[in-house]
Amino acid sequence: MKLKEEKLSATYPYQGKILKVEEAQVLCPNGNVASREIIRHTQAAAILALTDEGKFILERQYRFAYDEILYEIPAGKQDENEDPIQIALRELEEETGYYAHRMECLGKMYPSCGYTDEIIYLYFATELEKREKHWDENEFLELEYVSLEELKQMILNGTIVDAKTVCALELYLLRGNQQ
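Quantities reported herein were computed from a predicted structural model and do not represent experimental measurements.

Q: What am I meant to see in helix H2 (residues 148-156) here?
A: Along an α-helix, residues three or four positions apart point the same way, because every turn accommodates 3.6 residues. Of the residues making up H2, those classed as buried are Leu148, Leu151, Met154 and Ile155. Across the axial projection of H2, the buried residues extend over an arc of 125°, all falling on one side. Across from the buried face of H2, at angles greater than 90 degrees, the exposed residues are Glu149 and Leu156. Tucked inside the fold, the buried residues of H2 contact strand E4 (44-49), strand E5 (56-63), strand E6 (68-72), strand E10 (141-146) and helix H3 (163-174). Once H2 ends, the next one or two residues include glycine 158, with phi positive near 85°.

Right under this line is the structure:
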């Protein structure tokens, strides 16, 4: 059975700094024409970082879209021509002040495949060296350090609802890591 749709036309009614909105007309496998609205978003990386003391680094950060303060692992978007591992190394240092001497790719995730093409690459960082934080001008966050059991409990009790954090931990555990 054919599943792929064919793009017939597209317009871009909005283009911002990190995303643009595409309105497309597609030909469906059954021959019908349908509309698709897609948010085109730059790639990103997220980092599950483990300190030498056996603690995972979390960030508490206000997220305007949800009007909530959320717990998340460090993450950020791609600068021009950056490879995913470069994004991860840069963002970890900028947001936490740690440089990772060991960075392992856990995989990638599609945060919401129904309406965006965003890809978040997930990494596990160890052998951390303390350096300086370099927050963006309008970036405000607090760091917290939690054990594996605390991290699991925060996900189970709904304290952590961020998808990239949940996915990174699950991939970490599926690879046999129990700390």
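Once the structure has been displayed, the description carries forward.
Q: Before we go on, may I ask you to explain the state of the cysteines in this structure?
A: Here a disulfide denotes a covalent bond joining the sulfur atom of one cysteine to the sulfur atom of another. In total, this model carries zero disulfides according to the counting rule given. Looking at cysteine 28, it has no disulfide partner, and the nearest cysteine sulfur is the one in cysteine 113, 16 Å off. With no disulfide of its own, cysteine 113 lies 11 Å from the sulfur of cysteine 167, the closest cysteine sulfur. By relative accessible area, cysteine 113 is classed as exposed at 65%.

Conventions adopted
- Residues numbered from 1 in each chain as written.
- Predicted model: local features only at pLDDT ≥ 70, side-chain atom pairs only at ≥ 80, totals over all residues.
- Heavy atoms only, no water.
- Buried < 20%, exposed > 50% of the residue type's maximum accessible area, 1.4 Å probe, protein only.
- Helix = DSSP H or I, 4+ residues; strand = E, 2+ residues; numbered from the N terminus.
- Arc of directions from axis to C-beta.
- Contact = heavy atoms within 4.5 Å.
- Disulfide = S-S within 2.5 Å.

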